[in-house]
Amino acid sequence: MQKQRLQKLARSLDALAEKDRTVVQRTREIRSLRRQAALDLHGICADFVRALNNLLAHTALDLDPAEFHPDHAPEDGMLLFQINARGRILQLKFEATPELISTENFRVPYILEGSIRCFNQQLLEQDLIEEQLLFYTIEKTRTLWRFFDARTYRSGKFDVDYLISLMEQLV
């Protein structure tokens, strides 16, 4: 009887080791995906700034940071990107979810969450700052950045067209 119990315990412990290896591997995959997602978000912002600056004659948009290297970013800290067009600000902040994957604030599973704020001097004087939520979602066939407007429940892909619509509101 004791031998059978020892064998069963040995199998259980071996199974735990495999389960732990799987969890460690999944954690590495999610961290790598988070770094790539941050790079993608910066790339979308950089594409927007570059495209608009190529068309502007008398002003220029600034992206801060101008260059982004996800390997230099804090693993679990908050990141901030800002687009400035003569005092018209689009400010993006985001961070990793406490769990590897979450559905707490958005119905589609996500691994990064944050917000985008839009403001200018006029809106600041009225204490109005437009804010929408951001999520890096993991869907069945793709991963992507999505915005979510909690006031209207509108949601969609975060891309250059979305940034154009936000900047249009500030001009």
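Just so you know, these numbers come straight off a predicted model, no measurement behind them.

## Quick look at the overall build of the protein chain
1) Next: When helices and strands are counted, the protein chain shows 3 helices and 7 strands.
2) Next: Order of helices (α) and strands (β) in the protein chain, N terminus to C terminus: α-β-β-β-β-α-β-β-β-α.
3) Next: Here the protein chain has a C-alpha radius of gyration of 21 Å; the compact-globule value for 171 residues is 16 Å, and the former is much larger.
4) Next: For the C-alpha atoms alone, the extent of the protein chain along its principal axes is close to 85 × 35 × 30 Å.
5) Next: In the protein chain, which comprises 171 residues, the proportion classed as buried is 35%.
6) Next: Contacts in the protein chain between residues at least 24 apart in sequence constitute 48% of all its contacts with a sequence separation of at least 6.
7) Next: For the protein chain, the accessible area works out to roughly 11100 Å², and carbon and sulfur atoms hold 51% of it.
8) Next: The protein chain carries 23 positive and 25 negative side-chain charges, and their two centres are separated by 10 Å.

## Thoughts on helix α1 (residues 2-55)
1) Next: An ideal rise of 1.5 Å per residue puts 80 Å on 54 residues; α1 measures up with 79 Å between its terminal C-alpha atoms.
2) Next: Three or more residues of α1 are buried, namely Ile30, Arg34, Ala37, Ala38, Leu41, His42, Ile44, Cys45, Ala46, Phe48 and Val49.

## Topic: the sheet that holds strand β7 (residues 154-157)
1) Next: Read from one edge of the open sheet, 7 strands run β1-β2-β3-β4-β5-β6-β7, paired in antiparallel fashion. Taken across any chain shown, the strands that pair with only one partner, and hence form the sheet edges, are β1 (62-64) and β7. In this sheet, adjacent strand axes meet at a mean angle of 20 degrees when their direction is disregarded.
2) Next: Both strand β5 (residues 130-138) and strand β6 (residues 143-149) contribute to a ladder of 6 bridges, which runs antiparallel. Residue pairing for β6: Leu134 is matched across the bridge by Phe147.
3) Next: Taken strand by strand, α1 contacts β1, β2 (79-85), β3 (88-96), β4 (110-119), β5 and β6, and its axis lies near 5 degrees from that of β2.

## Looking at the confidence of the model for the protein chain
1) Next: On average, residues of the protein chain score 91 in pLDDT, and 98% of them reach the 70 mark or higher.
2) Next: Within the protein chain, β6 carries the highest mean pLDDT (96), whereas helix α2 (residues 121-125) carries the lowest (69).

## Topic: the packing of aromatic side chains
1) Next: All chains considered together, the criterion is met by 10 aromatic pairs.
2) Next: Among the aromatic side chains, those forming a connected cluster through ring pairs are Phe68, Phe81, Phe94, Tyr136 and Trp145.

## Quick notes on the layout of surface pockets
1) Next: Here the largest pocket is characterised by a volume of approximately 170 Å³.
2) Next: Here the residues of the lining of the largest pocket are counted per class, giving 8 nonpolar, 1 polar and 6 charged.

## Details of the pairing of β4
1) Next: With respect to burial, β4 is a largely interior element, 9 of its 10 residues being buried.
2) Next: Judged from the 8 bridges that link them, β3 and β4 form a sheet pairing that is antiparallel. Paired with Lys93 across the bridge in β4 is Ser115.
3) Next: Judged from the 8 bridges that link them, β4 and β5 form a sheet pairing that is antiparallel. Bridge pairing links Gly114 to Leu134 in β5.

## Describing the nonpolar core
1) Next: Grouped together as the largest cluster of nonpolar side chains are 36 residues, with contacts concentrated most on Ile83, Leu90, Trp145, Phe158 and Leu163.
2) Next: Only α1, β2, β3, β4, β5, β6 and α3 (160-170) provide two or more residues apiece to this core.
3) Next: A total of 9 residues in this core trace back to one element, the largest contributor, which is α1.
4) Next: Sequence-distant contacts of Ile83, defined by excluding residues within four places in its chain, comprise Cys45, Phe48, Val49, Leu61, Asp62, Leu63, Arg88, Ile89, Leu90, Leu163 and Met167.
5) Next: By size, the runner-up hydrophobic cluster in this structure holds 5 residues, among which are Phe106, Val108, Tyr110 and Phe135.

Criteria and cut-off values
Each residue is numbered by its place in its chain's sequence as written, counting from 1. Per-residue local features are limited, in this predicted model, to residues with pLDDT of at least 70; the limit for side-chain atom pairs, both in listing and counting, is 80 or more; totals at the level of whole chains, interfaces and linings are taken over all residues. Side-chain numbers here rest on the full set of heavy atoms in the structure, without hydrogens or water. Strands are runs of DSSP state E lasting at least two residues, helices are runs of H or I lasting at least four, and both sets are numbered from the N terminus onward. For the radius of gyration, the atoms used are the C-alpha atoms, and the globule rule reads 2.2 Å times the number of residues raised to 0.38. Remark: exposure states derive from per-residue accessible area (1.4 Å probe, protein chains only) relative to the maximum for the residue type, with buried under 20%, exposed over 50%, and partly exposed in between. Throughout, a contact is declared for two residues whenever any of their heavy atoms are within 4.5 Å. Surface exposure here means Shrake-Rupley accessible area, sampled with a 1.4 Å probe, where a residue is shielded only by the protein chains that are shown. For the purpose of counting charges, residues Lys and Arg are taken to be positive, whereas Asp and Glu are taken to be negative. His and the chain ends are not included. Think of each charge as sitting on NZ of Lys, CZ of Arg, CG of Asp or CD of Glu. In this scheme, a helix's expected span is set at 1.5 Å multiplied by one less than its residue total. At least two bridges found by DSSP between two strands are what make those strands a pair. Angles run from 0 to 180 degrees between N-to-C directions of axes, and those axes are lines fitted to C-alpha atoms, restricted for helices to the stretch in contact. The predictor attaches a confidence to each residue, and that confidence, scored 0 to 100, is pLDDT. The pairing test for Phe, Tyr and Trp rings, Trp by its six-membered ring, is centres within 6.5 Å, and the orientation test on the planes gives stacked under 30 degrees, edge-to-face over 60, and tilted for anything in between. The definitions used throughout rest on a 1 Å grid laid over the protein atoms alone, on which a cavity is an enclosed set of points accommodating a 1.4 Å probe that cannot get out and a pocket is an open set flanked by protein within 12 Å on both sides along at least five of seven lines; lining residues are those having an atom within 4 Å of a point. Grid points are joined across faces, edges and corners, and a volume is the space filled by probe spheres set on the points. Charged residues are taken to be Asp, Glu, Lys and Arg, nonpolar residues to be Ala, Val, Leu, Ile, Met, Phe, Trp, Tyr, Cys and Pro, and polar residues to be all remaining types, Gly included. Take the buried residues of types Ala, Val, Leu, Ile, Met, Phe, Trp, Tyr and Cys, join any two whose side-chain atoms come within 4.5 Å, and each joined set is a nonpolar core.

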